[in-house]
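Examining the three-dimensional arrangement
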Amino acid sequence: MKAKTTIIGIGNANCGDDAAGCFVAEALRERDLPTVQILSASGEVADLLEKFPSAGVLILVDAMAEVTECGRIHRMDTSADALPTEAFSRYSTHGMGLPEAIEMARALGRLPSTVIVYGIEGRNFQPGDPLSPEVEQGGARLVDQLVEAL
Amino acid sequence: MADKTDNSSGKSRTIKVDYMARVEGESGLDITILNDRVEDVKLRIFEPPRFFEGFMRGRKFADAPDITARICGICPVAYQMSSAHAMEQALGVSVGGPLRELRRLIYCGEWIESHVLHVYLLHTPDFLGYQDAMSMAKDYPDVVEKGLRLKKTGNEIVQLLGGREIHPINVKVGGFYKVPTKQELGKLRDKLEPCLDLAREMIEFTSRLDFPDFRQDYEFISLRHKEEYPFNEGRLVSNKGLDFDIAHFDEYIVEEHVPHSTSLHANVRTRGSYLVGPMARYHNCYDKLSDDARALATAAGLGKTCDNPFQSIVVRAVETYRAVEEAIRIIDAYEMPGQPSVDIEPRAGVGYGCTEAPRGILYHRYELDDEGLIKDAVIVPPTSQNQGRMEADLRSFVAGNLGLTNDDLQWKCEQAVRNYDPCISCSCHFLKVKIDRDGEIYENRP
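1. As for the overall build of chain A
Tallying secondary structure elements over chain A gives four helices and five strands in all. Moving toward the C terminus, one meets the helices and strands of chain A in the order β-α-β-α-β-β-α-β-α. Taking 2.2 N^0.38 as the reference for a compact globule, 150 residues should give roughly 15 Å; the C-alpha atoms of chain A span a radius of gyration of 14 Å, in line with that estimate. Each principal axis of the C-alpha atoms in chain A carries an extent, and together these give about 40 × 35 × 25 Å. Counting over 150 residues, chain A shows a buried share of 47%. For chain A, the share of sequence-separated contacts (at least 6 apart) that also reach a separation of at least 24 residues comes to 76%.

2. Quick word on the packing of helix 10 (residues 291-299) of chain B against helix 11 (residues 312-333) of chain B
All names here are of chain B. Relative orientation of the contacting elements helix 10 and helix 11 amounts to 160 degrees, with a least axis distance of 10 Å. Classified by the angle their axes make, helix 10 and helix 11 are roughly antiparallel. Where helix 10 crosses over helix 11, the two elements pack in a sense that is right-handed. Contacts from Asp292, Ala293, Leu296 and Ala297 of helix 10 reach helix 11 at Val318, Tyr321, Arg322 and Glu325. Here the contact of helix 10 with helix 11 is built from residues that sort into five nonpolar, no polar and three charged.

3. Let's talk about the sheet that holds strand 13 (residues 374-380) of chain B
Residue and element names in this part refer to chain B. Overall, antiparallel pairing links the three strands, which are arranged 11-12-13 in an open sheet. Only two strands of the sheet have a single neighbouring strand rather than two, namely strand 11 (349-357) and strand 13. Here the strands of the sheet are splayed against their neighbours by 10 degrees on average, with no regard to which way each runs. Pairing analysis gives nine bridges linking strand 11 to strand 12 (residues 360-368), with the strands arranged antiparallel. Following the sheet pairing, Gly349 is matched in strand 12 by Leu368.

4. Some details on the interface of chain A and chain B
If you look at the interface, chain A gives 17 residues, while chain B gives 22 residues. Elements with a contribution of two residues or more to the side of chain A that touches chain B: helix 2 (45-51) and helix 3 (98-107) of chain A. Here the side of chain A that touches chain B is built from residues that sort into seven nonpolar, five polar and five charged.

5. Observations concerning the confidence of the model for chain B
Residue and element names in this part refer to chain B. Chain-level pLDDT for chain B is 88 on average; 89% of the residues reach the 70-or-more range. Scored below 50 in pLDDT, residues 1-9 makes 16 contacts in the model with residues more than four places away or belonging to other chains. Counting interchain partners and residues more than four positions distant, the pLDDT-below-50 stretch residues 425-432 has 51 contacts. Per the prediction output, this complex has pTM 0.84; the corresponding ipTM is 0.70.

6. A closer look at the sheet that holds strand 1 (residues 5-10) of chain A
One key point about sheets: their strands pair by backbone hydrogen bonds, in either a parallel or an antiparallel sense. Residue and element names in this part refer to chain A. Strand order in the open sheet formed by five strands is 2-1-3-5-4, and the pairing between neighbours is mixed. In this open sheet, the two edge strands, each paired with only one partner strand, are strand 2 (36-41) and strand 4 (73-77). The average undirected angle you get between the axes of adjacent strands in this sheet is 20 degrees. Strand direction decides the pairing type here: strand 3 (residues 57-65) and strand 5 (residues 114-122), joined by nine bridges, are parallel. From the neighbouring strand, Ala65 faces strand 5, where its bridge partner is Gly122. Its contacts with the sheet place helix 1 (residues 20-29) against strand 1, strand 2, strand 3 and strand 5, and it is angled at close to 135 degrees to strand 1.

7. Looking at the pairing of strand 1 of chain A
Residue and element names in this part refer to chain A. Here strand 1 lies mainly inside the structure; five of its six residues are buried. The pairing of strand 1 with strand 2 spans six bridges and is classified as parallel. In the sheet register, Thr5 faces strand 2, and the bridge partner there is Val36. The parallel pair strand 1 and strand 2 is bridged by helix 1, and the resulting crossover is right-handed. Bridge analysis of strand 1 against strand 3 gives five bridges, and the strand direction is parallel. From the neighbouring strand, Thr6 faces strand 3, where its bridge partner is Leu58.

8. Points about the domain arrangement of chain B
Once the domains are mapped, chain B shows domain 1 (7-49 + 409-444) and domain 2 (52-380). Computed from C-alpha atoms alone, the centre-to-centre distance between domain 1 of chain B and domain 2 of chain B is 27 Å.

9. Observations regarding helix 3 (residues 76-91) of chain B
Think of an α-helix as turning once every 3.6 residues; residues three or four places apart then point the same way. Residue and element names in this part refer to chain B. An ideal rise of 1.5 Å per residue puts 22 Å on 16 residues; helix 3 measures up with 22 Å between its terminal C-alpha atoms. Of all 16 residues in helix 3, 15 are buried, a share of seventy percent or more. Downstream of helix 3 by one or two residues, Gly92 has phi in the positive range, about 75 degrees.

10. Brief notes about unusual backbone geometry
The bulk of non-glycine residues show a negative phi, and the bulk of peptide bonds are trans. Its identity is not glycine, yet Asp36 of chain B carries a phi of approximately 55 degrees, on the positive side. The exposure class assigned to Asp36 of chain B is partly exposed, which follows from the 17 C-beta atoms found within 10 Å.

Conventions adopted
- Every chain's residues receive numbers from 1 upward, in the order its sequence appears when written.
- Whichever chain is written first becomes A and whichever ligand is written first becomes 1, with later ones labelled in order.
- This being a predicted model, a pLDDT of at least 70 is required before a residue's local features are given, and a value of 80 or more before pairs of side-chain atoms are given or counted; all residues contribute to the totals for chains, interfaces and linings.
- A run of H or I in DSSP becomes a helix once it reaches four residues, and a run of E becomes a strand once it reaches two; helices and strands are each numbered from the N terminus.
- A radius of gyration in this sense is built from C-alpha atoms; the matching globule rule multiplies 2.2 Å by the number of residues raised to 0.38.
- Any residue surrounded by 20 or more other C-beta atoms within 10 Å of its C-beta is treated as buried, while 12 or fewer makes it exposed and the intermediate range makes it partly exposed; C-beta atoms here are placed from the backbone.
- By the criterion used throughout, residues are in contact when their C-beta atoms, derived from the backbone, lie within 7 Å.
- Axes, fitted as lines to C-alpha atoms, cover a helix only where it is in contact. Angles between the N-to-C directions of the axes lie from 0 to 180 degrees.
- The scheme is simple: roughly parallel for angles under 35 degrees, roughly antiparallel for over 145, roughly perpendicular for 65 to 115, oblique for anything else.
- Helix crossings are classified by the rotation of the near helix relative to the far one: an anticlockwise turn of less than a right angle makes the crossing left-handed, while a clockwise turn makes it right-handed.
- The classification used treats Ala, Val, Leu, Ile, Met, Phe, Trp, Tyr, Cys and Pro as nonpolar, Asp, Glu, Lys and Arg as charged, and all other residues, Gly among them, as polar.
- Strand pairing is defined by DSSP finding a minimum of two bridges between the two strands.
- The quantity called pLDDT is the predictor's confidence in a given residue, expressed from 0 to 100.
- By convention a crossover is right-handed if, when the strands point away from the viewer, the path from the first strand over the helix to the second runs clockwise.
- Domain extents, as shown, originate in an automatic or database domain assignment.
- For a helix, the expected span equals 1.5 Å multiplied by the number of residues minus one.

Here's what the structure looks like:
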């Protein structure tokens, strides 16, 4: 990847597998990636929009509902297509979360040309619980993949 | 969706909205019309009850702000404030000086966040004919961008004082775990200054929207404080003669179960439904707004009272301006307190808290044992108080607009519910609308 890359890990570090994005962002900060901007976000729409870069490559990492197997990684290219809303948790109870933030940025003309979302399937989102071992392993695999690609 | 109704036939029709978008929580709306007369209106709330009051029992008094904040992702500060005040009353302490001011400041943040979210992202699409804010943003990018900037500043207030922007964790009974420095607040002030202009533009923008001519005779209930536009403290007053200490809430307000709602309805005892929220505060506390806020309200076409619920969007904008002004005032006067909270010893007692959530008064009552464990908890959220009034509005609105097609009627009814910015999960948690017009059922589906 030649273009400037921004990676945003999304989630709540204290809510079980919701911390998947936080885990990946933290692990990436420990790697030597001087040209990559690594950010963390709660998932709140206004905050996410402010953190989205206007150009380059945007990579978003978030937990998603367990669809097939806890810890499994899904790669979704949302550069042109909307993200499916069902699989991603909605942080705001008024129904505004990551899918809405991406579509809002697209409508406002400030979505970079390349937007990749990595979703890690989680099982337990209980406040105070740690990451499930499967999600931690999945997150570690994603970190390795990203470092290699970057 | 096809309009199945012949409005001139004189038969009955049912309009049913199964899930209502852009409200918080899960609800539906059933409207039955028979021979051009509104037979029945039910705002069905089928969000599962969450039993917060039940599982508070046996917990420590200090747990209340963090547990009750989980009731709502939009107004957690309100839950923290009402629970903290109630506990402090039960424990015989009061929080004053800069700690009290910081509580008002974090509340300013929540009002800005919540009002701006509702005005720009949830409610304006109704007036401009868009399904959602994302579609609206394509045609009104500048409006949405300004809204997002304003909301972000509200988030930052909550983040600085609350530790994080969603479900803050820094509020405690007796004050805060950690208080900000003057320098930290100074940085926030720099961001708030341009928000005054953004809030002025918000008032002007909302005032130009097209409002149906729909005025209602409301009983407005809100806090009233002798010096301030209310957040945390005051007496409960109404435009119909109520004026009582929050400890007497039960004597004046009665909660009732109705079969079509998992959330209790609240009524003024012996009288009926009432309205809480921005319009109530505006009416009861108009004189406590700043001169600037009142002048902006006047320029926006508001008098001392707003009794058209569709114009509540303008009142929310005025309150947003007031919150920005107040935040700046608090920051300018701030001196860092010596300690972040007052000391508290557990003891037995009963305490009451009632504060102004963005949607209206939020009442808490707790009974503690001598170890400070919760024996009993009562929580009455604003949306549950507004349910009866929402149904009354709908009944009246439908009666006056029977000539509308089912599609138009459904759209307007959903808008009428959104006038209240309902937080249905607070009240127990998306709206389905069903209109029964002389037996012909009209129903929206997600």
